[in-house]
Every structure is written in structure tokens, then in C-alpha cells.
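An overview of the molecular structure
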Amino acid sequence: MALASTGSLLPSKTLIHLQSTVPSVSTRSAKHISAVHAPEPPKNPIVSDKSTPKPSPTAAASVTAAAATATVAKPPEKWTVDSWKKKKALQLPEYPDAEELESVLRTIEAFPPLVFAGEARSLEERLADAAMGNAFLLQGGDCAESFKEFNANNIRDTFRILLQMSVVLMFGGQMPVIKVGRMAGQFAKPRSDPFEEKNGVKLPSYKGDNVNGDAFDLKSRTPDPQRMIRAYCQSAATLNLLRAFATGGYAAMQRVTQWNLDFTEHSEQGDRYQELAHRVDEALGFMAAAGLTVDHPIMKTTEFWTSHECLLLPYEQSLTRRDSTSGLYYDCSAHFLWAGERTRQLDGAHVEFLRGVANPLGIKVSDKMDPNELVKLIEILNPNNKPGRITIITRMGAENMRVKLPHLIRAVRRAGQIVTWVSDPMHGNTIKAPCGLKTRPFDSIRAEVRAFFDVHEQEGSHPGGVHLEMTGQNVTECIGGSRTVTFDDLSSRYHTHCDPRLNASQSLELAFIIAERLRKRRLGGSQQLK
């Protein structure tokens, strides 16, 4: 994780109102971001190969007349940090006390940024490599972080399993692995229904610990703005620990054999990892014997970035800062933000907010996405076609992946757009167990990952990464895997606040499966070069 910013960040002092459909006036002038994504034009503009016949004078006159009456296409409206309020905002909570909300948001505006612009720019450069097939994104962490389970051991274990997975992927793919955590801010959750009803009692749905509580009573379910301050503080503490782990020696490659979690020892995946770790250790020994130092920073530290869904717009706006080096605005709540399936409307508030911040962005895409709509959405968020700016995170289920993904890839390619394609094999494979708990079969997750690689191989495009809901804890939330979790096992260690997560053993098993596909892809490319 890069620690230094390339410029200072000034807090935006715009007050926030939740009446998102009513236009608001900013209390300061926000600079229009005309080139927030890139100063250069697209590198691969689409040019027609057909010659255009010269129109006759009569036809030219008709065209001129038609043009005079036609509506001239309007340029995008000027973006400001609060221009999202002019759009329809879905999934936002209704706070009962507007004055308390304003007070909390002003407090957060005065807080330091959680991340820095230079760090976000570095991540964008790495993601551009993944878009070209020269790196692989590993993005993972909690479905939703919670206040209750916040402790150093949980953060360490999730970080550690991500390190292990990255070693497996790097060894198989022989390419850099970009490590991004769903951590230090992944609190808010979209809900399909704004209310939940039990035994005739109807209360607001649980929307994440930064909005309300999960206990089914009126006090817990009433949105409380003070929770945003607690979420900020927890995110800051999490980031502090992650930075220490990433740069303080814990992530040193020499420790590769020491990263195994206790409960993965003497398991199939633990044994496979130890075998690979010993091979890495031997390679390091060879390097040292040859005089190549292992004390180089690249061997003793690692880069690690944070991400979350851009959902709670008042909070996101309060942490948006203008970078004095570039003049661009960055949402400094995380390095990477994504628009969810429920909030990616072309004319919606979330897309409006995201188009003006310079962070690398993700778009969650299900089988419902129309290819032409995806092209339009990418154009709105990345009009200058900057590589690394846009990551498409597909979540469809294996069968839908094979049918729908090719059309999306072809549409984006025809438009000349550069994106990083990533698989989220979790959300399209949620089922309800006989006991009533939500779960995800490991076999279905594995099948979707395989379908993702198969489609990209078929289309000649690059599988750029994987996006997982997972934990370093020894939970029993997803069924299957080599250390088989059954329906009967679910209730023994089912700790998630929202959706089921892969445990450490299942995560490592999936990493080996992906690494094998990366290895075959690499060897296949080598054969073609010969």
C-alpha cells in the first residue's frame, strides 16, 4: 500500500441534504471536471471503413432543414460534489432528524481523508495492466463489515488469506496480482425491500452498520447518522492496521511459509499451499545464493488497496476532496468504488456522483444488463476511455455467464472501450438451505469461474480478476469444498450479517483452481508464440 500522496487534499465544505430529487445549491463553487479521467483522446477510435457519398444539393438542403429543427445534443451538465442531488437516488435511508444529520456530515467533512489521491492513481495504473492481460485482480473481503466483529485478529486473518491467495495466483499466472480488500468501509448494503415484516410488525430493513442495527426493534432499525462517524473511525483503524501489515514486515515474501492459518493445517488445501510455499522459499534461497538481495522493498512489503460499494452518498460526498496536484476530485473513503446492480441507472444519483470522482470504478453487471446500456454507462463514467478507470464485475451464474457475457464483451469491443473484466461468482449463486439460512454451493462458484475463463478464451479477451465475498475466519456459510461443509454444518459457525462468505480453506481452494487456469492460459500463449 502506497503511503505517500502526490498532493494535498482539501476538504469540500458542501452541506448535504437527503432530498436527492430536489436540486440543491452548493455553498462553494465546485470546479467543473472536464478531464477527470484522462487528458488524451481514446487510443482506439472507431472509424468507419465505408466512404460516404456526397449528397446532392436537394438532399443537402433537406439535411440542413432537418438539422435546424432537430434538438441539439446537450453536453453533460456541470458536475459538482452535490450535483447527484438533482437525480433520483435509490437505496438511501430516511433519517428522522435532519439537523443531527447535517451536524454529523459537517463533522465528517472536517475529518482527514482515509486514502490519498496518489494511491488511487497507482491502483488505476495496475488495473490498466489487468485490462491488457498483464496483471490479475484479487478483490475480496466481507459481505458487510460490522461493528460487533471488529477486531485485529479478524482483519489480520482476512489480510493473511488474501496474501496466501495472491502467492498461489502469482505462481500460477506468473504475473503481478493486484490485492484489493472489501475492507475499511464496506458497511452499507442495498436491500430489495425497504421494509421487513415479522409477526405483523413492519420495520425498516437493515441497511448495514453505518446506517442502522440488525436487531429487529424500532430503535435499532431507525437510521442513526452517528453510525457514520463510528464507521469512519473503524475504517481509519482498519486502514492503520492494514498499512502496518503491508509495509511493516508481515507481508515479506520470506514469511510465505508462516502465513498458513491454524485451522487450514493438515488439510488438502493447507498441504498444497505449504508445498508451494516451500518452492517459493527455495527460489528465494537461490536468489540469495546468487547475490540477489531479498532485502529489496519489493520483497519486504506489498501494495494493498481498499474498496467498497458507493451506496451512502451523503457519507461519500463528505469524504470527497480536491487533489491540489491534479485539480481532480477523489472520494477519499476508499481507493476503489463500485456501482451496484441496484444503483447503476444511467440517470441516477449514484452514477452522477461517480462520474465526477477520479477514483478507479467498478460496475456490477448481472445477466439483466443490456449490452447497449453497458456501453452508454461506460461512456458516462469514462468518456476519455482511460485504461484502468473502469472494471466490469460480472455476476450471473455459470449458465447465464456462457450465454450473456459474450454479447457484453463484443459490444464493449465494438465501441472501442477499454475495461478490466472481473468475475464475481458469489452473488449469482445464492440459495436458501432447508434450515432457512442463505448459502452458496462451492461447486456453483467454481462453475461460474470456469465459465468466465472459458468465455474470455472463446472471445479472445482478458479475464482480469476475481471479486469474492470471503473471510479468513473458519466459518460455515458456503456449502461444499474439499473440507466439505454440509447443510447440517451451516448453523455451527454462521456469522455473516448479510450474505454467505467463503471460509479460508474454500478461498484457498478456489485460488488453486484459478491459478491452474492462469497457468494453462500462460502456457497456451507461449505455445502460440513458438
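Criteria and thresholds
- Residues numbered from 1 in each chain as written.
- Predicted model: local features only at pLDDT ≥ 70, side-chain atom pairs only at ≥ 80, totals over all residues.
- Heavy atoms only, no water.
- Helix = DSSP H or I, 4+ residues; strand = E, 2+ residues; numbered from the N terminus.
- Areas by Shrake-Rupley, 256 points an atom, 1.4 Å probe, with all protein chains shown as cover.
- Buried < 20%, exposed > 50% of the residue type's maximum accessible area, 1.4 Å probe, protein only.
- Right-handed = clockwise from strand over helix to strand, strands pointing away.
- Pairing = 2+ DSSP bridges.
- Salt bridge = Lys/Arg side-chain N within 4 Å of Asp/Glu carboxyl O.
- Phe/Tyr/Trp six-rings, centres within 6.5 Å; stacked < 30°, edge-to-face > 60°.
- Axes fitted to C-alpha atoms, helices over the stretch in contact; angles between N-to-C directions.
- Parallel < 35°, antiparallel > 145°, perpendicular 65-115°, else oblique.
- Left-handed = near helix turned anticlockwise from the far one by under 90°.
- Contact = heavy atoms within 4.5 Å.
- pLDDT = per-residue confidence, 0-100.
- Polar contact = N/O pair within 3.5 Å; in protein donor to acceptor, adjacent residues only side chain to side chain.
- Nonpolar A, V, L, I, M, F, W, Y, C, P; charged D, E, K, R; others polar.

1. Brief notes about the overall build of the protein chain
A count of helices and strands for the protein chain gives 14 helices and 15 strands. With an accessible surface of roughly 23100 Å², the protein chain has 53% of that area assigned to carbon and sulfur atoms.

2. Topic: the pairing of strand β2 (residues 136-141)
Regular strands place their side chains on alternate faces of the sheet. Within β2, 6 of the 6 residues are buried, which leaves the element mostly enclosed by the surrounding structure. Burial along β2 is two-sided: the residues F136, L138 and G140 and L137, Q139 and G141 are all buried. The parallel pair β2 and strand β3 (residues 177-182), bridged by helix α4 (residues 152-173), forms a crossover whose chirality is right-handed. When β2 meets strand β15 (residues 463-469), the two strands line up parallel, connected through 5 bridges.

3. A word on the pattern of salt bridges
For the coordinates displayed, the defined rule picks out 26 salt bridges. E459 is the salt-bridge partner of R410, the closest N and O atoms lying 2.8 Å from each other. A residue pair is termed long-range when its members are at least 10 positions apart, and R410 in helix α12 (residues 398-414) and E459 in helix α13 (residues 442-459) qualify at 49 residues. A salt bridge links E469 to R440, with the nearest nitrogen and oxygen atoms 2.8 Å apart. Note that E469 is positioned in strand β15 and R440 in the loop between β14 (438-439) and α13, a separation of 29 residues in sequence. Taken together, the shared-partner salt bridges connect R182, K189, K438, R440, E469 and D499 into one network.

4. Brief notes about the packing of aromatic side chains
The way to describe two aromatic rings as a pair is by their centre distance and the angle between their planes. A complete count under the given rule lists 9 aromatic pairs for this structure. On the basis of an interplanar angle of 20° and a centroid distance of 5.7 Å, the ring pair of F159 and F245 is categorised as stacked. Of the two residues, F159 sits in helix α4 while F245 sits in helix α6 (residues 226-247), which places them 86 residues apart along the sequence. Their ring planes at 45° and their centres at 4.9 Å tell us that F245 and Y250 sit as a pair that is tilted.

5. Describing the packing of α4 against α6
As a packed pair, α4 and α6 sit with axes 10 Å apart at the nearest point and diverge in direction by 45°. If you check the angle between α4 and α6, you find them oblique. Read as a crossing pair, α4 and α6 show a hand that is right-handed. Of the residues in α6, those in contact with A152, I155, R156 and F159 of α4 are T238, L241, L242, F245 and A246.

6. Thoughts on the confidence of the model for the protein chain
For the protein chain, per-residue confidence averages 85 on the pLDDT scale, and 81% of positions sit at 70 or higher. Within the model, pLDDT remains below 50 along residues 3-72, and this stretch shows 128 contacts once partners closer than five positions in the same chain are excluded.

7. Brief notes about the side chain of N359
Tracing the chain through its elements places N359 in the loop between α10 (349-355) and β10 (361-365). A polar contact of 3.0 Å, which involves the side chain of N359, links it to the backbone oxygen of A334. Filtering out sequence-adjacent residues up to four positions away, N359 remains in contact with Y330, D331, A334, H335, L337 and R389.

8. Description of the packing of helix α2 (residues 98-110) against α6
It is at 8 Å that the axes of α2 and α6 come closest, and there the two elements cross at 20°. Between α2 and α6, the interaxial angle falls into the category roughly parallel. Crossing angle aside, the handedness with which α2 passes α6 is right-handed. Contacts between α2 and α6 involve E100, L101, V104, L105, T107 and I108 from the former and Q226, M228 and I229 from the latter. Residue composition of the contact of α2 with α6, grouped by class: 6 nonpolar, 2 polar and 1 charged.

9. Let's talk about the pairing of strand β5 (residues 201-204)
Both strand β4 (residues 195-198) and β5 contribute to a ladder of 4 bridges, which runs antiparallel. Considered in β5, the bridge of K198 is made with V201. The turn joining β4 and β5, which pair antiparallel and follow one another in sequence, is formed by 2 residues; a positive phi near 50° is taken by N199.

10. Notes on the side chain of N503
The residue N503 is located in the loop between β15 and α14 (504-529) in this model. Owing to a relative accessible area of 6%, N503 belongs among the buried residues under this scheme. At 3.0 Å, the side chain of N503 and the backbone oxygen of V475 are in polar contact. Not counting residues up to four positions away in its chain, the partners in contact with N503 are T471, Q473, N474, V475 and V485.

11. Looking at the sheet that holds β2
Strand order in the closed barrel made by the 8 strands is β2-β3-β6-β9-β10-β11-β12-β15, with parallel pairing throughout. The mean inter-strand angle of the sheet, taken between neighbouring strand axes irrespective of direction, is 25°. Judged from the 3 bridges that link them, strand β12 (residues 420-423) and β15 form a sheet pairing that is parallel. By the bridge assignment, S423 is partnered in β15 with V466. Lying over the sheet, α4 contacts β2, β3 and β15, oriented at roughly 160° with respect to β2.

12. Digging into the environment of L381
In this structure, L381 sits in helix α11 (residues 371-381). Each C-alpha atom, one on L381 and one on A358, is 9.7 Å from the other, the two residues being 23 residues apart in sequence.

13. Here's the deal with unusual backbone geometry
Despite not being glycine, Q174 shows a phi value in the positive range, around 55°. By the element assignment, Q174 lies in the loop between α4 and β3. A relative accessible area of 52% places Q174 in the exposed class. With phi around 55°, N385 is a residue other than glycine that occupies positive phi space. Within the secondary structure layout, N385 lies in the loop between α11 and β11 (390-394).

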